[in-house]
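Examination of the molecular architecture
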Amino acid sequence: MIDFEQLHKENHRITELSNVFLYLIKDRTMCDTRIACDVFFEYVEGVKHHLDQVDRHLYKRLLASPDQNIRNKADRFMSGGQEIKRIFQKYMMKWSSAANRSLVIRNHDAFVQDTNEMFSLVLDRLQRETEHLYPLVRKVDEERRLAA
């Protein structure tokens, strides 16, 4: 079982890191700093951890629901999560070296554009989780408690 307060803290931390990193990369010279790389990789680890936690702790609760509508919503969230992971992996391969924990930027403008798009996708996902997924899990949990 996962604590929703912990999920909200993770969402807040990811959002904070996103905002700081997006601010830093506006200046090309900041992209090559250790600080920017540290912020970037902390963001990456936070996003991966968060998506993993949601996968492991929330979907199975929804998929066990007798309500087909709830199971369909869970399927859509799972599919969306897999797509984000795929896009995120492609983004990482293009713009970073995980082995060196460094950014690999050949075209600053393209990097900034791709990063804005990728981070926006993640932030949108976090917002949809907060507004739709978490309340759905709470509803299913409450229904289970009442049925017991």
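The text that follows walks through the structure, step by step, so that each part is easy to find. Here the structure is a predicted model, which is why all the values come from computation and not from measurement.

Positive phi values are uncommon outside glycine, yet R101 reaches one of about 50°. Tracing the backbone through its elements, the reader meets R101 in the loop between β1 (96-97) and β2 (102-103).

One recurring pattern in soluble globular proteins is that nonpolar side chains are buried together. Formed by 29 residues in total, the largest nonpolar core has its most connected members in F21, F40, Y43, F111 and V122. Of all the elements in the fold, those that place two or more residues in this core are α1 (4-24), α2 (34-57), α4 (68-95) and α5 (108-147). With nine residues, the single largest contributor to this core is α2. Excluding residues within four positions of it along the chain, V122 makes contact with I14, Y43, V47, I84 and F88.

Before going further, it helps to spend a moment on the environment of G81. Tracing the sequence through the fold places G81 in helix α4. Owing to a relative accessible area of 3%, G81 belongs among the buried residues under this scheme. A C-alpha to C-alpha distance of 9.1 Å links G81 and V54, two positions 27 residues apart in sequence.

Moving on to the packing of aromatic side chains. On inspection of all chains with the given rule, the structure shows ten aromatic pairs. With 6.3 Å between their ring centres and 50° between their planes, F40 and Y91 make a pair best called tilted. A residue pair is termed long-range when its members are at least 10 positions apart, and F40 in helix α2 and Y91 in helix α4 qualify at 51 residues. Across this residue pair, the class does not change: F40 and Y91 are buried. Both rings, one in W95 and one in F111, keep their centres 5.3 Å apart while their planes meet at 65°; by these two values the pair is edge-to-face. Here F111 lies in helix α5 and W95 lies in helix α4, a separation of 16 residues in the sequence. Residue classification places W95 among the buried residues on the basis of a relative accessible area of 4%. Each residue in the set F21, F40, F41, Y43, F88, Y91, W95, F111 and F119 is aromatic and connected to the rest through ring pairs, giving one cluster.

Structurally, the position occupied by S102 is in strand β2. Apart from residues lying up to four places away in sequence, S102 is in contact with C37, F41, W95, S96 and S97.

The next point concerns the pattern of salt bridges. In this structure the tally under the stated criterion is 13 salt bridges. When the shortest N-O distance is used, the salt bridge between D141 and R61 registers 2.2 Å. Separated by 80 residues along the polypeptide, D141 in helix α5 and R61 in helix α3 (residues 59-63) bring together distant segments of the chain. The pair formed by D141 and R61 is uniform in burial state, with each residue classed as buried.

Reading the values: rules and limits
Residues numbered from 1 in each chain as written. Predicted model: local features only at pLDDT ≥ 70, side-chain atom pairs only at ≥ 80, totals over all residues. Heavy atoms only, no water. Helix = DSSP H or I, 4+ residues; strand = E, 2+ residues; numbered from the N terminus. Core = buried A, V, L, I, M, F, W, Y, C linked by side-chain atoms within 4.5 Å. Buried < 20%, exposed > 50% of the residue type's maximum accessible area, 1.4 Å probe, protein only. Contact = heavy atoms within 4.5 Å. Phe/Tyr/Trp six-rings, centres within 6.5 Å; stacked < 30°, edge-to-face > 60°. Salt bridge = Lys/Arg side-chain N within 4 Å of Asp/Glu carboxyl O.

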